[in-house]
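The residues making up each chain are set out below.
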Amino acid sequence: MVANAHESPTPGSDEPVILDVRGLRTYFPIRKGFLQRVVGHHKAVDGVSFTIRRGETLGLVGESGCGKTTVGRTILALQQATGGEVLFEGKDVFRQDSASMRRLRRDMQIIFQDPGGSLNPRMRVGSIVGEPLEVHGMASGDELRERVEALLERCGLWRAAADRYPHEFSGGQRQRIGIARALALQPKMIVCDEPTSALDVSVQSEILNLLADLQQQFGLSYLFISHDMAVIHHICDRIAVMKDGKIVEEGSREDVIGNPQHPYTKRLLLAVPECDPRVDAEKRRERQRMLAEEIER
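Within each chain, residue numbers correspond to sequence positions counted from 1 in written order. Local features in this predicted model are restricted to residues whose pLDDT is 70 or higher, and side-chain atom pairs enter the listing and the counts only when it is 80 or higher, whereas totals over whole chains, interfaces and linings include all residues. Excluding hydrogens and water, the side-chain figures rest on all heavy atoms present in the structure.

Would you mind going over the overall build of the chain with me for this structure?
Scanning the chain for helices and strands turns up ten helices and ten strands. We call a residue buried when its accessible area falls under 20% of the maximum for its residue type, exposed when it is over 50%, and partly exposed in between, using a 1.4 Å probe and counting protein chains only. Within the chain, the fraction of its 297 residues that count as buried is 46%. Should any heavy atoms of two residues lie within 4.5 Å, those residues are considered in contact. Within the chain, counting contacts between residues at least 6 apart in sequence, those at least 24 apart form 67% of the total. Summing over all exposed atoms, the chain offers an accessible surface of approximately 14900 Å²; the carbon and sulfur share of this is 46%. Every helix listed is a DSSP run of H or I at least four residues long, and every strand listed is a run of E at least two residues long, numbered separately from the N terminus. For the accessible areas, the method is Shrake-Rupley and the probe is 1.4 Å, while residue cover comes only from the protein chains on display.

Can you walk me through the pairing of strand 9 (residues 238-243) in this structure?
Moving residue by residue along a regular strand, the side chains alternate between the two faces of the sheet. For strand 9, a buried count of five out of six residues is recorded, marking the element as mostly surrounded by other parts of the structure. Should DSSP find at least two bridges between two strands, the strands are regarded as paired. As defined by bridge partners, strand 3 (residues 57-61) adjoins strand 9 across four bridges and the pair is classed as parallel. Its bridge partner being in strand 9, Leu58 is matched across the sheet by Arg238. For strand 9 and strand 10 (residues 246-252), the ladder comprises six bridges, and the chain directions are antiparallel. Paired with Ile239 across the bridge in strand 10 is Gly251. Once strand 9 ends, the chain turns through two residues before running back antiparallel as strand 10, passing Asp244 with a positive phi of about 50°.

How should the nonpolar core be read in this particular structure?
Note on soluble globular proteins: their nonpolar side chains tend to be buried together. For this analysis, a nonpolar core means a set of buried residues of the types Ala, Val, Leu, Ile, Met, Phe, Trp, Tyr and Cys, connected via side-chain atoms within 4.5 Å. Leu152, Ile179 and Phe224 are the most contacted members of the largest nonpolar core, which totals 50 residues. The greatest single-element share of this core, amounting to six residues, is contributed by helix 6 (residues 201-218). Every residue in contact with Leu152, bar those within four places of it in the chain, is listed here: Val125, Val129, Leu157, Trp158, Arg159, Ala161, Ala162 and Ala180. In this structure, Val45, Leu76, Val93 and Met242 belong to the second largest nonpolar core, which totals 28 residues.

Any chance you could explain the packing of helix 5 (residues 171-183) against helix 6 here in plain terms?
The axes of two packed helices give the description: the angle between them and the distance between them. Angular values range over 0 to 180 degrees, each being the angle between N-to-C directions of two axes fitted as lines to C-alpha atoms, with helices fitted over their stretch in contact. Put simply, helix 5 and helix 6 touch, their axes get as near as 10 Å, and they point 20° apart. Regarding the angle of helix 5 to helix 6, the classification is roughly parallel. Read as a crossing pair, helix 5 and helix 6 show a hand that is right-handed. Across the interface between the two elements, Gly172, Gln175, Arg176, Ile179 and Leu183 of helix 5 pack against Val203, Glu206, Ile207, Leu210, Leu211, Leu214 and Phe218 of helix 6. An angle counts as roughly parallel when it lies under 35 degrees, as roughly antiparallel when it exceeds 145, as roughly perpendicular when it falls between 65 and 115, and as oblique in every other case. Helix crossings get a hand from a simple test, with the near helix turned counterclockwise from the far one by less than a right angle marking a left-handed crossing and a clockwise turn marking a right-handed one.

Is there a simple way to think about helix 2 (residues 98-105) in this case?
Among the residues making up helix 2, those that are buried are Ser100, Met101 and Leu104. Take helix 2 and look down its axis: the buried residues cluster within an arc of 100°, on one side only. What points out from helix 2, more than 90 degrees from its buried face, is the exposed set Ser98 and Arg103. Residues of helix 2 that are buried in the fold lie against strand 4 (83-88), strand 5 (91-92) and strand 6 (108-111). In this description, one arc is meant: the one made by directions from the helix axis to the C-beta atoms.

I keep staring at the sheet that holds strand 1 (residues 17-32) and nothing clicks. Help me out?
One key point about sheets: their strands pair by backbone hydrogen bonds, in either a parallel or an antiparallel sense. If you walk across this open sheet you meet the four strands as 2-1-4-5, and the pairing is antiparallel. One side of each edge strand has no neighbouring strand; the edge strands of this open sheet are strand 2 (37-53) and strand 5. For strand 1 and strand 4, the ladder comprises five bridges, and the chain directions are antiparallel. Paired with Asp20 across the bridge in strand 4 is Leu87. On the sheet, helix 1 (residues 68-75) packs against strand 1, strand 2 and strand 4 and is oriented at approximately 115° with respect to strand 1.

Can you walk me through the environment of Leu133 in this structure?
For Leu133, the position within the fold is in helix 3 (residues 125-135). Owing to a relative accessible area of 0%, Leu133 belongs among the buried residues under this scheme. Between the alpha carbons of Leu133 and Val148 there is a distance of 9.1 Å; along the sequence they are 15 residues apart. Residue contacts for Leu133: discarding those within four places in its chain leaves Met138, Ala139, Leu144, Arg147, Ala184 and Leu185.

It is not clear to me how the confidence of the model for the chain should be interpreted in this structure. Could you clarify?
For residues with low pLDDT, the predicted coordinates do not support detailed interpretation. Per-residue confidence from the predictor is given as pLDDT, running between 0 and 100. Of the residues in the chain, 87% have a pLDDT of 70 or more, and the chain-wide mean is 88. With pLDDT under 50 throughout, residues 1-9 is counted as low confidence; its partners more than four residues away or in other chains account for 19 contacts.

Please explain unusual backbone geometry as it appears in this structure.
Where the residue is not glycine, phi is negative for most of them; where a peptide bond is considered, it is trans in most cases. For Glu89, which is not a glycine, the phi torsion comes out positive at approximately 50°. By the element assignment, Glu89 lies in the loop between strand 4 and strand 5. Judged by relative accessible area, Glu89 falls into the partly exposed class, the value being 38%. Look at Gln186: it is not a glycine, yet its phi comes out positive at around 55°.

Looking at this structure, I do not really get the packing of helix 3 against helix 4 (residues 141-154). What am I missing?
It is at 9 Å that the axes of helix 3 and helix 4 come closest, and there the two elements cross at 115°. Seen along the crossing, helix 3 lies across helix 4 with a hand that is right-handed. On helix 4, the residues that touch Val125, Gly126, Val129, Gly130, Leu133 and Glu134 of helix 3 are Leu144, Arg147, Val148, Leu151 and Leu152. Tallied by class, the residues present in the contact of helix 3 with helix 4 amount to seven nonpolar, two polar and two charged. Throughout, the ten residues Ala, Val, Leu, Ile, Met, Phe, Trp, Tyr, Cys and Pro are labelled nonpolar, Asp, Glu, Lys and Arg are labelled charged, and all others, Gly among them, are labelled polar.

Set out below in C-alpha cells:
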C-alpha cells in the first residue's frame, strides 16, 4: 500500500474539458457451432460516460474483467467501438480520417500494463523511445539522440541506457522506458493502463511519484486504470468505479473513498489490506457479510 497521498491540487471546474466520453459501447461477438455463427454479444463496455479536464487525473477502478482496459483502448481507437462518442478537444476520435488520426495520436498516448511485453526485445532503448519521433518526423540524427537521452534522464534513467536492450533492465526501469516513450511526442493526455500492477510495492511508489511529477511539469491529463484502490487513492483527483461494463459510481477522491455509496465500491475498499491485523480481520468479516447478503438477494 502506498504511504503518501497525491498532493497536487484538484483542477478547478474552470479548466477546459480535454476528453468527453459519451455513451461508449464496445461489444464482442459470441460465436458457437461449426459455422461459428454469432449467437450473442459480450458487452465489455456498455454505455460508459465521463469527462477529464486539463491537468486532471481520473481513476477508472474495478475488478479484472469489468471492462476498464477496453475503455482505455477504445478511447484511443486501438479497439473498435460499437457505439457512442469520444471527443478529444472537441474532435470526434471515431470520425477522423487516417491523416487526422495520425495527428491526433500525438496528443493521446498510452502506458501499458506489462513493461516487458510492451517493449520490443530486439530494439535498443534509444530506438524504442525515439521511434515515435522519427515516425512523426519530429527529430532525426543528433537532435533525435539528444531528445531521447533527455527523456530517459527525466524519467529517472541514465543517458547511456539508450544503447542497451530492455532485458538488461529491471521491471521498474522498463516501465520508466515505457513512460519515456509515451512522453516522446509531448502528448496532452496519457492512458495509464495499470502501469504499476506488475511491479513491487516499493517500485510502485516510485513510478506513481514520477507520474505525478511529470503531470505537474507538463500539464498532462491522465486516465489511470487500476484494480487497486490504494493506488487510485494515491494519484487520482476523481474516481469512476466500473462493474460489468458500466460505471456504478463517480465522484471526487474524497467522496468516493470517504463516503462510498454503491455496495461494489464498499467491497473494493474493504479489499485494501491493512497493516493492523485486527483491522484487516474486521474488514474480511465485513466483506464476507456483504457477499452473504448479495447471495441471499
